[in-house]
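Secondary and tertiary structure notes
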Amino acid sequence: MASLSPPASLKDGVIAIRSWRQSDLLRLVDLLEDPAIARWTGIPAPYTRREAKLFFKTNARQEAMGVGTDSAIVDAADDDVLGGVGLKLHPAHSTAEVGYWVAAHARRRGIATRAVRLMARWAFGDLEVMRLELLTHVGNEASEGVARRCGFQREGLLRSARLMKGERVDLTLFSLLPDELI
Ligand SMILES: CC(C)(COP(=O)(O)OP(=O)(O)OC[C@H]1O[C@@H](n2cnc3c(N)ncnc32)[C@H](O)[C@@H]1OP(=O)(O)O)[C@@H](O)C(=O)NCCC(=O)NCCS
């Protein structure tokens, strides 16, 4: 399987999606120290340099294996890091899952919506994905808004779906098929 990393074409004039760089490490630690990210994602909390270093290693491994990629969302004008977006592939079924976070100061400006649209276009195009999934914690209205704005359909409740930070959590499953992306 070919290694996976975001192509240079993942940009829309406002944001770009690019691979994480070692030089982003301190910025990443700073941005991920955020209560909303701790509450709604599986990203470790507290988030220190140690977690960031481990993340760079595991991300490089999943990209080399071609099974997933976690990338930076940056400002297209000045490369400032605005968030993160990732894809996990299930090649045997031509499906993938998208996940994301946006830095607190950059929220409510459509950044996550733009990032998910770019990742979805890549997934449905070059990566030949036929179904993109999105899982949100029940009650995460901001993330549900992103799903809705990109055209995802709500499929249902996944009870006790994951163990996150020591607790079992219910998730809402959304999916997007190639002709539904808006
Ligand atoms: C969820 C998250 C990524 C959204 O990022 P964002 O860039 O602010 O999202 P967008 O600006 O693209 O918002 C898209 C739509 O979502 C909805 N939305 C966004 N934030 C919202 C909020 N706090 N409350 C209610 N609806 C919200 C709105 O409908 C919005 O459209 P509008 O601004 O035109 O009304 C961000 O809030 C975040 O990082 N949260 C913590 C981590 C997280 O929840 N990650 C997702 C895990 S599944």
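Everything below is about the structure printed above this text.
Residues numbered from 1 in each chain as written. Predicted model: local features only at pLDDT ≥ 70, side-chain atom pairs only at ≥ 80, totals over all residues.

Counting its regular elements, the chain contains 5 helices and 7 strands. Each helix and strand of the chain, ordered N terminal to C terminal, gives the series β-α-α-α-β-β-β-α-β-α-β-β. The C-alpha atoms of the chain give a radius of gyration of 15 Å, which matches the 16 Å a tight globule of 182 residues would have. Expressed along its principal axes, the backbone C-alpha trace of the chain runs to roughly 35 × 35 × 35 Å. Sequence separation of 24 or more characterises 56% of the internal contacts of the chain that already satisfy a separation of 6 or more. (Helix = DSSP H or I, 4+ residues; strand = E, 2+ residues; numbered from the N terminus. Rg over C-alpha atoms; globule rule 2.2 N^0.38 Å. Contact = placed C-beta atoms within 7 Å.)

Our next topic: the site of the ligand. By nearness alone, 23 residues border the ligand, and Trp40, Arg107, Ala112, Ala142 and Gly145 come closest of all. Elements supplying a minimum of two residues to the shell around the ligand: helix H2 (35–40), strand E4 (95–102), helix H4 (111–124) and helix H5 (141–150). Considering every element that reaches the shell around the ligand, the biggest residue donor is H5, with 6 residues. Split into classes, the residues belonging to the shell around the ligand amount to 10 nonpolar, 8 polar and 5 charged. (Near = placed C-beta within 6 Å. Nonpolar A, V, L, I, M, F, W, Y, C, P; charged D, E, K, R; others polar.)

A word on the sheet that holds strand E2 (residues 68–75). Spatially, the 7 strands line up as an open sheet ordered E1-E2-E3-E4-E5-E7-E6, and their pairing is mixed. Of all the strands in the sheet, just strand E1 (15–18) and strand E6 (153–164) have a single pairing partner and so form its edges. For this sheet, the mean angle separating the axes of adjacent strands, direction not counted, is 30 degrees. Bridge analysis of strand E3 (residues 81–90) against E4 gives 8 bridges, and the strand direction is antiparallel. Within the sheet, the bridge partner assigned to histidine 90 lies in E4 and is threonine 95. In the packing of H5 onto the sheet, the strands contacted are strand E5 (131–137) and strand E7 (167–176), and the crossing angle to E5 comes to about 155 degrees. (Pairing = 2+ DSSP bridges. Axes fitted to C-alpha atoms, helices over the stretch in contact; angles between N-to-C directions.)

The biggest cluster of nonpolar side chains holds 38 residues, and the ones touching the most others in it are Val98, Ala115, Val116, Met119 and Ala120. No other element matches H4, which puts 9 residues into this core. Those residues in contact with methionine 119 that lie beyond four places of it in its chain are Ile17, Val85, Leu87 and Val98. (Core = buried A, V, L, I, M, F, W, Y, C linked by C-beta atoms within 7 Å. Buried ≥ 20, exposed ≤ 12 C-beta atoms within 10 Å, placed from the backbone.)

Counted at 1.5 Å a residue, the expected span for H4 with its 14 residues is 20 Å, and the 20 Å between its end C-alpha atoms agrees. All buried positions along H4 are accounted for by Ile111, Ala112, Arg114, Ala115, Val116, Leu118, Met119, Ala120, Ala123 and Phe124. (Expected span 1.5 Å × (residues − 1).)

The peptide bond linking alanine 45 to proline 46 adopts the cis configuration, its omega dihedral lying at 0 degrees. Examined against the element boundaries, proline 46 turns out to sit in the loop between H2 and helix H3 (49–65). At serine 94, a position not held by glycine, the phi torsion is positive, near 55 degrees. With respect to the helices, strands and loops of the structure, serine 94 is situated in the loop between E3 and E4. On the basis of neighbour counts, which here come to 14 C-beta atoms within 10 Å, the residue serine 94 falls in the partly exposed class. Phi at arginine 108 takes a positive value of approximately 65 degrees, unusual for a residue other than glycine. With respect to the helices, strands and loops of the structure, arginine 108 is situated in the loop between E4 and H4.

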